[in-house]
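One-letter residues, chain by chain:
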Amino acid sequence: MMNYFPDEVLEHVFDFVTSHRDRNAVSLVCKLWYRVERYSRQRVFIGNCYAISPERLIARFPGVKSLTLKGKPHFADFNLVPQDWGGYVQPWIEALARSRIGLEELRLKRMVVSDESLDVLSRSFTNFKSLVLVSCEGFTTDGLAAIAANCRFLRELDLQENEIEEKKNHWLGCFPDSCTSLVSLNFACLKEINLAALERLVARNPNLKSLKLNRAVPLEALQRILMRAPQLVDLGTGSFVLDRDSDDSETYRKLRTTILKCRSIRNLSGFLEVAPHCLPAIYPICVNLTYLNLSYAAGIHGSELIKLIRLCGKLQRLWILDCIGDKGLEIVASTCKDLQELRVFPSDPFGAGHDAVTETGLVAISSGCPKLNSLLYFCQQMTNAALIAVAKNCPNFIRFRLCILDPTKPDPVTMQPLDEGFGAIVQSSKRLRRLSLSGLLTDRVFLYIGMYAEQLEMLSIAFAGESDKGMLYVLNGCKKLRKLEIRDSPFGDMALLRDVGKYETMRSLWMSSCDVTLGGCKTLAKKMPRLNVEIINENDQMEFAPEDSQKVEKMYLYRTLVGPRKDAPEFVWTLV
Amino acid sequence: MEKSIAFEKDLNLEATELRLGLPGTKESEKQTPSTIKSNKRVLPDMSEECGSEDNSNVSHVKICDQEVAPPAKAQVVGWPPVRSYRKNCFQAKKMEAETTGMYVKVSMDGAPYLRKIDLKVYKGYPELLKALEDMFKFSVGKYSEREGYNGSEFVPTYEDKDGDWMLVGDVPWDMFISSCKRMRIMKGSEARGLGCAV
């Protein structure tokens, strides 16, 4: 039937199909649909930059305008992947620059970006509008200067948690006077900034909706900036400190007045440095907030924090430090009835967390906030009873990540493993897509996961399980599994090799400090030529006498259409 | 593991034990979890000696401790799973806090000279008050939020960043040590006035 319509009609229909997965599905229907879809595709998401080559991307989608790329494996966030492992964006940018692609947006996560890449990027695409870098490294403020200077229609520059070397240049001053198109600017991860250039930039960009400042922007400057940009929807404050002497009380008064005019702010973050007595200045906008991120605001705690939370009745997303305590979470539960996402981070990322939250806080939240669907919870301890209660109160979890600071801690009341608790979660939340486990866990939890977690796409396992059966339950049961990452768990070759075809249905598998051997990995690599099976060797033992029976410290495998990567460093072996 | 650690305490082997922690770091109170299924491989010639958990031979166990067991709980690589960026942000704050001492003057009404104490040394109000009691030979009474300190003519107070004199114990400990500039142990009628303050 659809064959009677000209391609433009099909294309128009496909315009309404926006999600990547749906468009991928559309392209598989028939050759005609494949053709129309590929020419009309504007946004492409590549979850593993080594799964495909830039040339093939360009060949298939000549009209691509927005590209998202991810590089290193997720566990690189936790220092489990050595420096120079890979994930370079340079070849992508070079290939795109050589082609006739009119790139407008580039979003990168866990990739290595060089100043040269940024320079080429800034010069090669006249309509380039949006650059988003998350957890990337390898560049300096010189690269940012190139983006600022050359991207004439830049709308978005969003730098989230990157490691950026800061040079003495004033990169922000490189935005020309003619740059008036900015909508979103986030430089919170930098340590310095040119204040004068910032204020001028904000003054001439009336469409600015999202602005996230860094520590170097003092309160006085924030006040002046907000005067120029009362239309902001998304604000990240820098330093929120004023000493209490006579000059500054004038500043404080001005700040209060200015903030009253910022009626559009819905998302608030920052407070990287904060003097609690200044907080009342933001009370008037709290009632409108839907997203509050205080996860870097170590200076706000106790009664000041509670006062703030009590005003935020419309919150949907809250990111907070564990110094809020169980009592504080009870206040959240009674105040934030629309809460959908909660993230509780450890205020002491190294230690035992004396102030940490426990199962009590989580149960309170689940009880007060039934719409909760996304959780990241670092805590001192957890019980099965609590997890069962949470599962009952909140059957809508899409993401459930629990991190008990002592990774093999049992239920402190019963001294049992937490199998039943997590089992309850997966059984009740039928739409669960992402799960991270911790605490004392046997193979039983994996039996439950395999049985019930039908929509599960990503699973993170650490210090869990007793035997290969655990891993097998997951591989057999979770049909939609895409990413599996495992550390310090007793899974070996038997589990790894039982169903080798499974890995082509997944994006990647990470296993470190497990029981898989070099021989097992070699066997897998031989059977599955369309997987890259990479071994990371950081010690010398492997080099001189690599015996097949030796356990592999770190293995990362992923499906790919382009064979072993050519940029692997010498400590990464791709088995064939 | 529990048996060997008890044994070690009797012989005070802890004092001579080699450890992989940073010099000067206090050992965390919790034991290294012996239930961690550590898949860290032992060096081949150690594996026989360290294989059994029932091993009560002290010297063998000591060798194991030095070369096999994870050093201190906080140093399991990549745990807790917190992004390096976040760790670095908090690390900077923590190190700043740990290295500088926090000495404040303490005066006591009627005493001929002042003393100085390092607030960093104390974990909370109970330890601080005990230390002050020992130092100045007095008793501080019982603290309640409503009435201040009851049962003593001495009241511990401090001057905060704003220059105000505050009763010790009202605010969370961390807030106290970051805002306390000096302390004064008040005595007599002045003290009683403070005890009833709103």
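Keep in mind it's a predicted model, so treat the numbers as computed, not measured. (Residues numbered from 1 in each chain as written. Chains lettered and ligands numbered in written order. Predicted model: local features only at pLDDT ≥ 70, side-chain atom pairs only at ≥ 80, totals over all residues. Heavy atoms only, no water.)

Draft legend 1. View of the pairing of strand 2 (residues 115–118) of chain B. Residue and element names in this part refer to chain B. In this structure, strand 1 (residues 103–108) lies alongside strand 2, joined through four bridges in antiparallel fashion. Within strand 2, the position partnered with valine 104 by the bridge is isoleucine 117. From the end of strand 1 to the start of strand 2, which pair antiparallel, there are six residues, and glycine 110 there has a positive phi angle of about 95°. (Pairing = 2+ DSSP bridges. Helix = DSSP H or I, 4+ residues; strand = E, 2+ residues; numbered from the N terminus.)

Draft legend 2. Structural view of the interface of chain A and chain B. Between chain A and chain B, the residue contacts involve 49 residues of the former and 31 residues of the latter. Carbon and sulfur atoms supply 55% of the area that chain A and chain B bury against each other, a total of about 3900 Å² over both sides. There are two salt bridges connecting chain A and chain B. Linking chain A with chain B are nine residue pairs in polar contact (both at pLDDT 80 or more), by the criterion used here. Class assignment of the residues belonging to the side of chain A that touches chain B gives a composition of 22 nonpolar, twelve polar and 15 charged. (Contact = heavy atoms within 4.5 Å. Buried area = accessible area lost by both parts, 1.4 Å probe. Salt bridge = Lys/Arg side-chain N within 4 Å of Asp/Glu carboxyl O. Polar contact = N/O pair within 3.5 Å; in protein donor to acceptor, adjacent residues only side chain to side chain. Nonpolar A, V, L, I, M, F, W, Y, C, P; charged D, E, K, R; others polar.)

Draft legend 3. Just the UniProt feature "domain: F-box" (unreviewed entry) in chain A, in detail. On the UniProt side, "domain: F-box" (unreviewed entry) is annotated at positions that read residues 5–46 of chain A here. Between the first and last C-alpha atoms of residues 5–46 of chain A the distance is 31 Å; the span itself is 62% helix and 10% strand. (UniProt positions renumbered as here; feature names shortened; annotations may be inferred.)

Draft legend 4. Region of interest: the pattern of salt bridges. Overall, the coordinates contain 34 salt bridges over all chains when judged by the stated rule. Note that glutamate 341 of chain A is salt-bridged to arginine 343 of chain A, the shortest N-O span being 3.0 Å. For glutamate 341 of chain A, a relative accessible area of 9% corresponds to the buried category. A relative accessible area of 18% places arginine 343 of chain A in the buried class. Linked through salt bridges whose partners overlap, the residues forming this network are Asp77, Arg110 and Glu161 of chain A together with Arg83 of chain B. (Buried < 20%, exposed > 50% of the residue type's maximum accessible area, 1.4 Å probe, protein only.)

Draft legend 5. Looking closely at the domain arrangement of chain A. Residue and element names in this part refer to chain A. Along its sequence, chain A is carved into domain 1 (1–41), domain 2 (46–59 + 66–239), domain 3 (265–353), domain 4 (381–491) and domain 5 (507–575). A C-alpha centroid distance of 27 Å is found between domain 2 and domain 3. At the interface, 15 residues of domain 2 touch eleven residues of domain 3. Counting the surface lost from both domain 2 and domain 3, the interface buries some 1000 Å², and carbon and sulfur atoms represent 50% of this. For the interface between domain 2 and domain 3, the tally reads one salt bridge. The salt bridge partner of arginine 215 is glutamate 273, with a shortest N-O separation of 3.0 Å. Viewed at the interface, domain 3 and domain 2 are joined by ten residue pairs in polar contact (both at pLDDT 80 or more). For the side of domain 2 that touches domain 3, the element with the highest residue contribution is strand 10 (residues 234–236), accounting for three residues. Each residue belonging to the side of domain 2 that touches domain 3 can be placed in one class, and the counts come to six nonpolar, five polar and four charged. (Domains from an automatic or database assignment.)

Draft legend 6. Fine view of the sheet that holds strand 6 (residues 165–167) of chain B. All names here are of chain B. Ordered in space as 2-1-7-5-6, the five strands form an open sheet in which the pairing is mixed. Of all the strands in the sheet, just strand 2 and strand 6 have a single pairing partner and so form its edges. When the angles between neighbouring strand axes are averaged without regard to direction, this sheet yields 35°. Two elements, strand 1 and strand 7 (residues 182–187), share four bridges in a ladder whose sense is parallel. Looking across to strand 7, one finds that methionine 108 is bridged to isoleucine 185. (Axes fitted to C-alpha atoms, helices over the stretch in contact; angles between N-to-C directions.)

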